[in-house]
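# Commentary on secondary and tertiary structure
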Amino acid sequence: MSETLIDSTLDSVRAERLTAAGTAWGERIAANTASAALTFKASGVSTGSVSSEITAGNHRFIVDEPEALAGDDAAASPVEFALGALISCQIVVYRLYAHQLGIKIDSLEINADADLDVRGLFGVEETVRPGFGEVRLTVKIEGPETRERYEELQATVDEHCPVLDIFTNPTPVSVELVTAG
């Protein structure tokens, strides 16, 4: 099968899925606004030196740290998974809105770089936050559209990407400590 035919088939399948999902959610929300509220759940169990086995829905994955941070380097670190979550959400939202806006994408690649100062993690310097100081995304899009159309798409994605929103806006988090005995 030629690469062009495979790409065309993938584009067709993607378009059908995006249209079907958009239509189904539109109908569901129109019938009952409360159905738009989703709850996602994950759980984790400590394994290895500092690694975790995470269960999210029907999926399981391991999260670890590099040896320099007491891990076995058996999997990506929590902050690498956070960057992966950001990249993957961006890709989903780029595809969704490219379809809605009629913008053709031939290829899409997103890279993330983030700076983390471990002085915050290890409590060496209380004025240094333990999380990322800055995250930089590079979005590489190829296709037949003008730069202005891709800028329109980027603005729309940045406005609607859930994980980008988590990264850029404070999200309330509550923590309940449960102890045995």
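Above this text is the structure in question.
Now for a look at the structure at hand. (Residues numbered from 1 in each chain as written. Predicted model: local features only at pLDDT ≥ 70, side-chain atom pairs only at ≥ 80, totals over all residues. Heavy atoms only, no water.)

The number of helices and strands found in the chain is five helices and five strands. Relative to a compact globule of 181 residues, whose C-alpha radius of gyration would be 16 Å, the chain shows 20 Å and is clearly more extended. By sequence separation, contacts in the chain at least 24 residues apart represent 46% of the contacts at least 6 residues apart. Carbon and sulfur atoms make up 55% of the accessible area of the chain, which amounts to about 12,900 Å² in all. (Helix = DSSP H or I, 4+ residues; strand = E, 2+ residues; numbered from the N terminus. Rg over C-alpha atoms; globule rule 2.2 N^0.38 Å. Contact = heavy atoms within 4.5 Å. Areas by Shrake-Rupley, 256 points an atom, 1.4 Å probe, with all protein chains shown as cover.)

Moving on, we come to unusual backbone geometry. The phi dihedral of A70 falls on the positive side, at around 80°, and the residue is not glycine. Residue position: A70 is located in the loop between β3 (59–63) and α2 (78–101). Judged by its relative accessible area of 47%, A70 falls in the partly exposed class. Of note in the backbone geometry, D73 takes a positive phi value of approximately 55° without being a glycine. Within the secondary structure layout, D73 lies in the loop between β3 and α2. (Buried < 20%, exposed > 50% of the residue type's maximum accessible area, 1.4 Å probe, protein only.)

Time to look at the state of the cysteines. The tally for this structure, following the rule as stated, stands at zero disulfides. C89 takes part in no disulfide bond, and the closest cysteine sulfur to it belongs to C161, at a distance of 3.4 Å. (Disulfide = S-S within 2.5 Å.)

Another aspect to go through is helix α4 (residues 147–160). Relative to the 20 Å expected for 14 residues at 1.5 Å per residue, α4 spans 20 Å between its end C-alpha atoms, a close match to the ideal helical length. Along α4, the residues classified as buried are Y150, L153, T156 and V157. Looking straight down α4, one finds its buried side chains confined to an arc of 120°; they lie on one side. Residues of α4 that are exposed and angled more than 90 degrees away from the buried face: R147, E148 and E159. Where the residues of α4 are buried, they touch α2 and β5 (132–142). (Expected span 1.5 Å × (residues − 1). Arc of directions from axis to C-beta.)

Functional significance is not addressed by these values, which are geometric in nature.
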